[in-house]
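Working through the structure, step by step
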Amino acid sequence: MGKASSKYLLDFEKPIYELEQKIEEMKSMSEVINIDDEIVALQAKIEELKVQIYSQLTRWQRVQIARHPERPLTLDYINNIFTDFVELHGDRCVRDDPAIVGGIARFNGRSVLVVGHQKGRDTKSNLYRNFGMPNPEGYRKAHRLFLLAEKFRKPIITFLDTPGAFPGMEAEERGQAEAIARNLFLMAKLRVPIIVVVIGEGASGGAIGIGVGDRILMLENAWYSVISPESCSSILWRSWDYKEQAAEALKLTAKDLLEQGVIDRIVPEPLGGAHKDHRAMFNIMKEILTEELDGLLSIEPDELVRKRKEKFYRMGVWKEL
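Now for a quick tour of the structure. (Residues numbered from 1 in each chain as written. Predicted model: local features only at pLDDT ≥ 70, side-chain atom pairs only at ≥ 80, totals over all residues. Heavy atoms only, no water.)

Here we come to the packing of helix α1 (residues 14-29) against helix α2 (residues 36-54). For the pair α1 and α2, the least separation of the axes is 10 Å and the interaxial angle reads 165°. Judged by the inter-axis angle, α1 sits roughly antiparallel to α2. Like other packed secondary-structure pairs, α1 and α2 cross with a definite hand, here left-handed. On the side of α1, the interface is formed by Pro-15, Ile-16, Leu-19, Glu-20, Lys-22, Ile-23, Met-26 and Lys-27, while α2 contributes Glu-38, Ile-39, Leu-42, Gln-43, Ile-46, Leu-49, Lys-50, Ile-53 and Tyr-54. Considering only residue class, the contact of α1 with α2 consists of eleven nonpolar, one polar and five charged. (Axes fitted to C-alpha atoms, helices over the stretch in contact; angles between N-to-C directions. Helix = DSSP H or I, 4+ residues; strand = E, 2+ residues; numbered from the N terminus. Parallel < 35°, antiparallel > 145°, perpendicular 65-115°, else oblique. Left-handed = near helix turned anticlockwise from the far one by under 90°. Contact = heavy atoms within 4.5 Å. Nonpolar A, V, L, I, M, F, W, Y, C, P; charged D, E, K, R; others polar.)

In structure tokens form, the structure reads like this:
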């Protein structure tokens, strides 16, 4: 299990970090005096504290983990779970959008199409990826790849991780809403299996633009909502200061959405979040994707489409008393 990093330390992780620093100090003294038993006891206390803290996270704290800069991104999953990935570029209309990546790959020896939002790791790469906020060209690229997958009968796997579709005027001028709407319409009727995984942030139409599928999976510390807590707070309270209350009201965590029937399965993360142990996260993801894909491949195309539509028809249904 990785140690808490002071560079990206979240507020609620400070008690863990302080104890880990104390252990480091004790280890430097162990050459002079024998304090091995004290170190072992303190390490056990740290593990207990981790379980206590990470099992009682608030919704806002999970949003913070979902945004952690060291969290695995779409290309990390592609490069570590899939093989022979060939990235395909461009929407054949305007340009290539680096905020959405996609292409053909092999998963357990089977040819699949994989598409996902892509953020950057630092300022330079985030500017290149537009902080994971796609323009219309990104959604049109995905649309083109989805048609390719159906033509060659390849299952589709998408990874959602975006703070939202790019809200700039130029994106609206080039048809942002229309591009997303076309994807929703297409994905609803594709005759190949579609698995959607929310790996980080799943904000509004920017996420669902590649998020219609037969199985919707969501990482334990991801969030998925029509609006971010900050934007919700800004609209309701005219201030970002109430983002924690907004997160509670939005019920945007994996547990909330499983109860509401919006997602189908929660993907567990290593203790503390996916960024704590990338290798363990990749192994968990590969195992679950294998189970899900094997289950979908046995279903006839017409039945896939019927069940997929019924799944989304059921969302948002309520009764008035």
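Moving on from the coordinates now.
Let us look at the pattern of salt bridges. Applying the stated criterion across every chain yields a total of 26 salt bridges. In this structure, Lys-14 and Asp-11 form a salt bridge, with 3.8 Å as the shortest nitrogen-oxygen distance. Residue classification places Lys-14 among the partly exposed residues on the basis of a relative accessible area of 40%. Arg-174 serves as the salt-bridge partner of Glu-137, at 2.7 Å between the closest nitrogen and oxygen. Of this pair, Glu-137 sits in helix α6 (residues 136-151) while Arg-174 sits in the loop between α7 (169-173) and α8 (176-189), and the two are 37 residues apart along the sequence. Residue Glu-137 is classed as buried on the basis of its relative accessible area, which comes to 0%. One network of salt bridges, with partners in common, ties together Arg-67, Lys-119, Asp-161, Glu-201 and Glu-230. (Salt bridge = Lys/Arg side-chain N within 4 Å of Asp/Glu carboxyl O. Buried < 20%, exposed > 50% of the residue type's maximum accessible area, 1.4 Å probe, protein only.)

A word on the side chain of Glu-13. Looking at where Glu-13 falls in the secondary structure, it is placed in the segment before α1. What makes Glu-13 buried here is its relative accessible area of 2%. Excluding residues that lie within four positions of it along the chain, Glu-13 makes contacts with Tyr-8, Tyr-54, His-275 and Lys-276.

Going through the model one piece at a time under the given rule, you end up with six aromatic pairs. Ring plane angle 85° and centroid distance 6.4 Å describe the contact between Phe-12 and Tyr-54, whose orientation is recorded as edge-to-face. Here Phe-12 is found in the segment before α1, whereas its partner Tyr-54 is found in helix α2, with 42 residues between them in sequence. Taking relative accessible area as the criterion, Phe-12 reaches 10% and is therefore assigned buried. Classification of Tyr-54 as buried rests on a relative accessible area of 7%. Centroid distance Phe-82 to Phe-159: 6.4 Å. Interplanar angle 85°. Geometry classified as edge-to-face. Highlighted residues: Phe-82 in the loop between α4 (74-81) and β1 (83-87) and Phe-159 in strand β4 (residues 156-162), separated in sequence by 77 residues. (Phe/Tyr/Trp six-rings, centres within 6.5 Å; stacked < 30°, edge-to-face > 60°.)

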